[in-house]
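Understanding the architecture of this molecule
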Amino acid sequence: MSEVHTRPVPTNFAANALISAEDYERMYRQSVDNPEAFWAQQAKDFLQWDRPFAQVLEEDMYKGHAAWFADGRLNVTVNCIDRHLTTRGEQTAILWEGDDPANSQAISYRILHEKVCRLANLMKSRGVKKGDRICLYMPMIPEAAYAMLACARIGAVHSVVFGGFSPTSLKDRILDSDCRLVITADEAVRGGKRVPLKANVDKALAECPNVHTAIVVKHTGTAVDWDSKRDIWYGDLIPQMEPDCPPEAMGAEDPLFILYTSGSTGKPKGVLHTTAGYLLMATMTFKYTFDYREGEVFWCTADVGWITGHSYIVYGPLCAGATSLMFEGVPTYPDASRFWQVVDKHQVNIFYTAPTAIRALMGAGDDFVKSTKRNSLRLLGTVGEPINPEAWEWYFSVVGDERCPIVDTWWQTETGAHMITPLPGAMPLKPGSATRPFFGVQPALLDSEGQEIIGEGEGSLVIKNSWPSMIRGVYGNRQRMLDTYFSSFPGYYFTGDGARRDGEGDYWITGRIDDVLNVSGHRLGTAEIESALVLHGDTAEAAVVGYPHDIKGQGIYAFVMLKSGCQPSDTLKCELIDLCSKEIGPIAKPDFIQWAPALPKTRSGKIMRRILRKIACNELDNLGDISTLADPSAVDALIDHRENC
Ligand code: WTA
C-alpha cells in the first residue's frame, strides 16, 4: 500500500462541494442507522409523486426480495421531462453529437416532451399497453432516448439491446421477454462504419412470429428491405400523432425496464428494474457523485445499450434537469482527439468514460489531448472495470490538468446505480480505488467460509442490505435470480466481484471471481462464448478464460478441442472467430485460440478453469495443485501446445 499516491480533496472542491467529508459521514451514518427515514426524505426531495407513499421498505435478503415506496405512484417521464417545463423548458435536455463532427443537435426539454409524447401515441396506436415489452435496437441518436422515455410514458417496459449484438442475440432477447414491438433504425454509424440494424432486425424477426410492428427511424437513408405488414417509418407517422400524451400513473414497483446482461452460466439474463427506487438512486448518484450543478453539461460516453447509458445518459441526468450529451461516435474518429474536441465544442463540465477508452487514448500519445483546451472540465469519472494507476494518473494529469477529481464508480447492471464511489468533495482519491460506499449501501467482504472479514482484508464482495435500485428479478425466471445473486451467501447480495479493503476502509475492486469476463468494459459470460464455439462441426469441446490485455483490460482466450479426425488450421480459427461474432456480436471474438488435445478436468468431469487461466496468463511455473485432475498429463500437453501456437 505504501506506493499509493493519495490525492487530498482539491481545495476548490472542498470549499464548495455539495457533499463535504462531514456531510458524508453524517448522511452515511443516518442512511444505515435509520434507512427508512433517510430514504423517505430523499424520495420526497428528488422525485415528484402522483400519490405519496406511506410504506418505505419491505425487504428479505434471504429471498432476494425488496419493495421500495410500494404504495406510491409516479411516472418517470413526468419526473424527467414535464416537471422541468415551467422552469427550464427551453434548456437543452439532450445535446447530440453525431459520428460526423459536422452533425450536432440540441433538444430542449420542451421538444423532448413533444417527441416522447408523439412516439408514445404512435406506440399506443399499434396497440401497446402498460406492461408490454418493447425491444429497442438503436444507434446512439436522440430517438433512442425518445423511445425509452416513450415506453416509460405509457408504462411499457423497454428492453434495449446494444446495436453491436448479432441478429441471433437480438432474437434470443426478443423471445425471452416476448417483445411484440421493436424500434430500430435503418443503420447505425460508428467511426465512419455502418452497422445494418434494420437488416439485422429482419434476420432476427424471421424467428419471432409474435412481433407485429417494427418502427424504423431513417438515419442514414440507405435502402432497406420492407415488410409492409410489419414495418412502419417513424418519420412518416410521428408528425401525424398528437403532441401530448397523458402519463400513465405507475406503481413504484411497476417494471421500468429489462436489460440483458451476461452471467457465469447459460444465456444472458433479463435484469429487471422497477420505477421509483431505480429513478431515485440514478438521480441521487448523478447529483452527488458528479457534484452536478444547475446548468452544467454532463457527458457519459457509454452506449444506451448498457446500464451506464440508461442511468447516466437518460434517467439520472434528465430527472435532475441536466444537459446530457449523447455521442454517436467513437473516441478515435476522425482521430484520437475527438473526445477532447467535443469537450471544447460543447463546453462539457463533467466527463464520464471507461478505463479501456482512457488506455487506448493514452497509447495514441499526449499531443491529441494537448492540442485541445479542456478548460470547461471540472470533474472526471470512470466506470466498468478496474482502472490501473498509470491510466488514472494520465487521465488526472494530462486530460484533467491536475485540476479535476476522478470518481471511480463501481456498480453493476444489477445495482442500477453507483454503489461504491468517491464523492469528490468528501473523499481523498486513491488511484485504482473506488473508495467508499454510497449512502445506504453496506458492502462486506466474505472469506471462503462465508464469514465476514473485519477491517483490512480481501474476499468476495457482497452487499448486506437492499438499496432502492436493486435488481428486482430476472425476467421470467425467479429461481435464476435467487441462484445467481442470493444463494452463494444466504442473506447477502453476491456481486460476483472480489475486493480488498485497506486499512483506511477504502475498497479496491479486484475483478470478477465468477466466469464472467470484462472485455473493454463489456460483460461477457465464458459459457456464452463456449456455446458459440461448439456450434462448429469440428469442435468437440471448448473452454474460455480471460487473460490480461493492455487496452481491453481482459482479452478472450479460447481452448478448443477438435473432434477426432479434424485438423487445426488458420481457416478453422477464422471460422470459429466468425461464429462468435455471428452468434453473439463482434465484442465476443476470441483474441487467442489455442488448440487443445484435451481439457484438464477433475475426476467428476469439471473443467479446471483455474489451470486454464494460469496457462492463458503464461504463469506456467505456478499452476497450483493438479493432483485432483483425472489426467494430469492433459496439462503438459496444453503447455506444449501453447508454445507451438
Ligand atoms: C466491473 C457496469 C472495477 C465489475 C456499470 C462489475 C468495475 C461489472 C467498476 C459490472 C469499477 C464496474 N471498478 N470494476 N469502477 N465498475 N466494474 O453490469 O466487475 O456492465 O461486476 O455494469 O463491471 O458490469 P456491468
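Just so it is clear, the structure is predicted and the values come from calculations on it, not from any experiment.

**A closer look at the side chain of threonine 275**
Inspection of the secondary structure puts threonine 275 in the loop between strand E15 (269-274) and helix H11 (276-289). Excluding anything up to four places from it in sequence, threonine 275 contacts Leu74, Val76, Met250, Gly251, Ala252, Asp254, Pro255 and Leu256.

**Some words on the packing of helix H7 (residues 142-154) against helix H12 (residues 307-319)**
Relative placement of two packed helices is described by the angle separating their axes and the distance separating the axes. Contact geometry for H7 and H12: axes closest at 11 Å, N-to-C directions at 60 degrees. Compared by their axis directions, H7 and H12 come out oblique. By crossing handedness, the relation of H7 to H12 is classed as right-handed. Seen from H7, the contacting residues are Ala145, Met148, Leu149 and Ala152; seen from H12, they are His310, Val314, Tyr315 and Leu318. Class assignment of the residues belonging to the contact of H7 with H12 gives a composition of seven nonpolar, one polar and no charged.

**Digging into the UniProt feature "binding site: ATP" (unreviewed entry) in the protein**
Residues given the UniProt feature "binding site: ATP" (unreviewed entry) here are Gly384, Glu385, Pro386, Asp408, Thr409, Trp410, Trp411, Gln412, Thr413, Asp497, Arg512 and Arg523. Secondary-structure assignment places glutamate 385 in the loop between strand E19 (379-383) and helix H16 (389-399). Exposure remark for glutamate 385: the relative accessible area of 9% places this residue in the buried category. Within the local environment of glutamate 385, its side chain forms a polar contact with the side chain of arginine 359, the two groups lying 2.9 Å apart. Taking relative accessible area as the criterion, tryptophan 410 reaches 7% and is therefore assigned buried. With residues up to four places along the chain from it excluded, the contact list for tryptophan 410 reads His418, Met419, Ile420, Ala434, Leu461, Ile463, Thr495, Asp497 and Ile509.

**Comments concerning the pairing of strand E24 (residues 493-501)**
For E24, the buried fraction is high: eight of the nine residues fall into the buried class. As paired elements, E24 and strand E25 (residues 507-512) share five bridges and run antiparallel to each other. By the bridge assignment for E25, aspartate 497 is matched with arginine 512. Between E24 and the antiparallel strand that follows it, E25, lie five residues; glycine 505 among them carries a positive phi value of about 90 degrees.

**Focus: the nonpolar core**
Ranked by size, the top nonpolar core spans 165 residues in total, and within it Phe69, Leu112, Leu119, Met123, Tyr315 and Phe439 carry the most contacts. Among residues more than four places away in sequence, those in contact with phenylalanine 69 are Trp39, Ala40, Ala43, Trp49, Phe53, Gln55, Val56, Ala252, Ala276, Gly277 and Leu280. Phe327, Ala391, Tyr395 and Ile406 belong to the second-largest nonpolar core, a separate cluster that totals 29 residues.

Reading the values: the criteria
- Residues numbered from 1 in each chain as written.
- Predicted model: local features only at pLDDT ≥ 70, side-chain atom pairs only at ≥ 80, totals over all residues.
- Heavy atoms only, no water.
- Helix = DSSP H or I, 4+ residues; strand = E, 2+ residues; numbered from the N terminus.
- Contact = heavy atoms within 4.5 Å.
- Axes fitted to C-alpha atoms, helices over the stretch in contact; angles between N-to-C directions.
- Parallel < 35°, antiparallel > 145°, perpendicular 65-115°, else oblique.
- Left-handed = near helix turned anticlockwise from the far one by under 90°.
- Nonpolar A, V, L, I, M, F, W, Y, C, P; charged D, E, K, R; others polar.
- UniProt positions renumbered as here; feature names shortened; annotations may be inferred.
- Buried < 20%, exposed > 50% of the residue type's maximum accessible area, 1.4 Å probe, protein only.
- Polar contact = N/O pair within 3.5 Å; in protein donor to acceptor, adjacent residues only side chain to side chain.
- Pairing = 2+ DSSP bridges.
- Core = buried A, V, L, I, M, F, W, Y, C linked by side-chain atoms within 4.5 Å.

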